[in-house]
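Coordinate analysis (summary)
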Amino acid sequence: MHIDKQSPIPIYYQIMEQLKSQIKNGELQPDAPLPSEREYSEQFGISRMTVRQALSNLVNEGFLYRQKGRGTFVSRPKMEQTLQGLTSFTEDMKSRGMVPSSKLVDYELIDSTAELAGILDCEHPSKIHKVIRVRLANDIPMAIEASYIPFDMAGELHDSHFQTSIYEHIEQYNSSPISHAKQELEPSAATQEEAKLLEIKKGAPVLLIKRTTYLQSGIAFEHVKSIYRGDRYTFVHYMDRLK
Ligand code: 16G
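Residues numbered from 1 in each chain as written. Predicted model: local features only at pLDDT ≥ 70, side-chain atom pairs only at ≥ 80, totals over all residues. Heavy atoms only, no water.

Identification of the protein as Transcriptional regulator (GntR family) protein from Bacillus atrophaeus is taken from an unreviewed UniProt entry.

Turning to helix 3 (residues 48-60), a few remarks are in order. Between its first and last C-alpha atoms helix 3 spans 18 Å; for 13 residues at 1.5 Å apiece the expected length is 18 Å, and the two agree. Buried residues in helix 3 make contact with helix 1 (11-24), helix 2 (37-44) and strand 1 (64-67). Immediately beyond the C-terminal end of helix 3, within one or two residues, lies Gly-62, with a positive phi of roughly 90°. (Helix = DSSP H or I, 4+ residues; strand = E, 2+ residues; numbered from the N terminus. Expected span 1.5 Å × (residues − 1). Contact = heavy atoms within 4.5 Å.)

Moving on to the sheet that holds strand 5 (residues 127-137). Pairing is antiparallel in the open sheet, where 6 strands are placed in the order 4-5-6-9-8-7. The open sheet has two free edges, formed respectively by strand 4 (100-111) and strand 7 (178-189), since each of these has just one partner strand. Across the sheet, the mean angle from the axis of one strand to that of its neighbour is 15°, orientation sign disregarded. Across 11 bridges, the pairing between strand 4 and strand 5 is antiparallel. Bridged to Leu-109 within strand 5 is His-129. Across the face of the sheet, helix 8 (residues 166-174) comes into contact with strand 5, strand 6 (140-150), strand 7, strand 8 (205-215) and strand 9 (220-229) while running at roughly 10° to strand 8. (Pairing = 2+ DSSP bridges. Axes fitted to C-alpha atoms, helices over the stretch in contact; angles between N-to-C directions.)

Let us look at the site of the ligand. Looking at the ligand, there are 18 residues lining it, with Thr-90, Glu-145, Ser-165, Arg-211 and Glu-222 nearest. Contacts to the ligand include Glu-145, whose side-chain N or O atom sits 2.5 Å from an oxygen atom. Burial of the ligand by the surrounding chains reaches 99%, relative to a free accessible area of 460 Å². Among the secondary structure elements, those contributing two or more residues to the shell around the ligand are helix 4 (89-95), strand 5, strand 6, helix 8, strand 8 and strand 9. The biggest single contributor to the shell around the ligand is strand 9, with 4 residues. (Near = heavy atom within 4 Å. Polar contact = N/O pair within 3.5 Å; in protein donor to acceptor, adjacent residues only side chain to side chain. Areas by Shrake-Rupley, 256 points an atom, 1.4 Å probe, with all protein chains shown as cover.)

A separate point is the UniProt feature "domain: HTH gntR-type" (unreviewed entry) in the protein. Under the present numbering, the feature "domain: HTH gntR-type" (unreviewed entry) in UniProt falls on residues 9-77. Note that residues 9-77 is 51% helix and 12% strand, and that its end C-alpha atoms are spaced 26 Å apart. (UniProt positions renumbered as here; feature names shortened; annotations may be inferred.)

Examined bridge by bridge, strand 1 and strand 2 (residues 71-74) share 4 bridges and lie antiparallel to one another. If you follow Tyr-65 over to strand 2, its bridge partner there is Phe-73. Between the end of strand 1 and the start of strand 2, which pair antiparallel, lie 3 residues, with Gly-69 showing a positive phi angle near 75°.

Right, dumping it as structure tokens:
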């Protein structure tokens, strides 16, 4: 690392940029320990405050994490999720070479509420599957998904369905491909329960995604409320300029 004290670029920023590129090019590997604030400040003849500012910013941006009494370490790279493609969690993780899995948190066959029946455009009253799962990639919790699926769109659901791809089951059951979705994104802070399931701190930044997904026939088959870890995901949206 090289610090240029004459540069108009603030020193904390120079440190941040260089550490980021070392993380991106693999010079600093996930879970590698970083030198201490004191070591950095002695090596470059800069104040510990400056080093702390750089490291704290990188912790907040998700590039580094701290462990009490042990020091600062390199985070695993964030997953980039595009907002265009309509993929299932299973497809998404497999395409990244990761192993998807699920932990069932709650399952119930519930009576529709007027709100759910309205969103899913299904009969009211009718039966709806409520499935809450933690979704993991290589055994690391990534998201909590609370799915509401009309019984008529899926039939009976068993443990084997919750451990594999529900989308695959829905496509087979309805003999129709999944086609489009409407989704809303909202920043949020992890509640105590969400934090426990995602193995993050209470109040940590998370992204709430509400999505209603449709078959090619135009029938809605799922409404989901998902909580994604803010430190694990970057959501990418490609845009064309509207003229
Ligand atoms: C995605 C969907 C979720 C769906 C799941 C099915 C979002 C926000 N969530 O994670 O609604 O239930 O895929 O995955 O996109 P599966 O087919 O692996 O069970």
